[in-house]
Amino acid sequence: MQLKNPILGLCQQATFMLSAAKVDQCPDDDGFEVAFAGRSNAGKSSALNTLTHASLARTSKTPGRTQLLNFFKLDDDRRLVDLPGYGYAKVPIPLKQHWQRHLEAYLGSRESLKGLILMMDIRHPMTDFDLLMLDWAVASGMPMHILLTKADKLTYGAAKNTLLKVQSQIRKGWGEAVTIQLFSAPKRMGLEEAYTVLAGWMELADKGAETDA
């Protein structure tokens, strides 16, 4: 038996909606929104593209290309949001400050934001940016799920050990509210777990039906 997750069909029909440089350029603040955040080299765009079976998010050999809030429509009520990458991009300081200001405004003001997916490169987890995002999510009561990306770069044993270590750090510092998993875009590892989280946040979890495998 397997659970047919309704988020799957929505992700497969995801389409680009708009890009916003400021909060007042965002879509109407209603429905359900899940945002994807991460350091610029954490594999955020690759993860988004794998989850949606499309090349929605622009990947680049130069990390930090996402400089706007990019919105992708799943249906009339549900959206995914690709947030600007931080900490690696070689961009002028004033532009970084602009991103920071508008990212904070977005995170702090969107009623439709139901959860935050944070990407961490499994080889370099818990950077200063990651700690800031964890602090913000827990302080504001925002659900957070972490994808330890590029898990295929390590052996399974080493990846599992890193997962347990980071999980322990998070529980000690931020409690039980934050969840975490292994993820690999090229190997399509961890997709089901990520879809389950998205479906729950977007209130689709109870609409699934069991089907014979």
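The rules behind these values
Residues numbered from 1 in each chain as written. Predicted model: local features only at pLDDT ≥ 70, side-chain atom pairs only at ≥ 80, totals over all residues. Heavy atoms only, no water. UniProt positions renumbered as here; feature names shortened; annotations may be inferred. Pairing = 2+ DSSP bridges. Helix = DSSP H or I, 4+ residues; strand = E, 2+ residues; numbered from the N terminus. Axes fitted to C-alpha atoms, helices over the stretch in contact; angles between N-to-C directions. Contact = heavy atoms within 4.5 Å. Right-handed = clockwise from strand over helix to strand, strands pointing away. pLDDT = per-residue confidence, 0-100. Buried < 20%, exposed > 50% of the residue type's maximum accessible area, 1.4 Å probe, protein only. Phe/Tyr/Trp six-rings, centres within 6.5 Å; stacked < 30°, edge-to-face > 60°.

Under an unreviewed UniProt entry, the name given to the chain is Probable GTP-binding protein EngB, and the source organism is Pseudomonas saponiphila. Quoted straight from UniProt, the Sequence similarities (unreviewed entry) entry for the chain says "Belongs to the TRAFAC class TrmE-Era-EngA-EngB-Septin-like GTPase superfamily. EngB GTPase family." The UniProt entry for the chain carries the following comment under Cofactor (unreviewed entry): "Mg(2+)".

Peer 1: Explanation requested: the sheet that holds strand 7 (residues 144-149) in the structure shown.
Peer 2: Here we have 7 strands laid out as an open sheet, ordered 2-4-5-3-6-7-8, and mixed in their pairing. In this open sheet, the two strands that pair with only one neighbour each are strand 2 (15-20) and strand 8 (179-182). Each strand of the sheet is rotated relative to its neighbour by a mean of 25°, with strand direction disregarded. Contacting strand 3 (32-38), strand 6 (113-121) and strand 7, helix 4 (residues 128-140) runs over the sheet at an angle of about 160° to strand 6.

Peer 1: Looking at this model, I keep getting lost on the pairing of strand 8. Mind explaining?
Peer 2: Looking along a regular strand, one sees side chains alternate from face to face of the sheet. Pairing of strand 7 with strand 8, which is carried by 4 bridges, proceeds in the parallel orientation. Bridged to L147 within strand 8 is Q181. Note that the unit made of strand 7, helix 5 (residues 156-174) and strand 8 has a crossover that is right-handed.

Peer 1: Please clarify how the environment of D128 should be interpreted in this entry.
Peer 2: Summarising the element assignment, D128 is placed in helix 4. Separated by 89 residues in sequence, D128 and R39 place their C-alpha atoms 9.6 Å apart.

Peer 1: What's the story with the confidence of the model for the chain in this structure? I'm lost.
Peer 2: Regions with low pLDDT should not have their predicted coordinates read in detail. A residue-level look at the chain finds 84% of positions with pLDDT of 70 or above and a mean pLDDT of 86. Long-range and interchain partners of residues 208-213, a stretch whose pLDDT sits below 50, account for 14 contacts in this model, where long-range means more than four residues apart.

Peer 1: Sorry, what's going on with the side chain of T149 here?
Peer 2: By the element assignment, T149 lies in strand 7. Overall, the relative accessible area of 2% leaves T149 in the buried class. With residues up to four places along the chain from it excluded, the contact list for T149 reads A42, M119, M120, D121, I122 and F183.

Peer 1: I'm lost on the packing of aromatic side chains in this one. Help?
Peer 2: Each aromatic ring pair is summarised here by two numbers: the centre-to-centre distance and the angle between the ring planes. Tallied over the full model, the rule gives 2 aromatic pairs. Centre to centre, the rings of F71 and Y106 are 6.3 Å apart; their planes meet at 75°, and the pair counts as edge-to-face. On the criterion of sequence distance, the pair formed by F71 in strand 4 (residues 69-75) and Y106 in helix 3 (residues 93-109) is long-range, its members being 35 residues apart.

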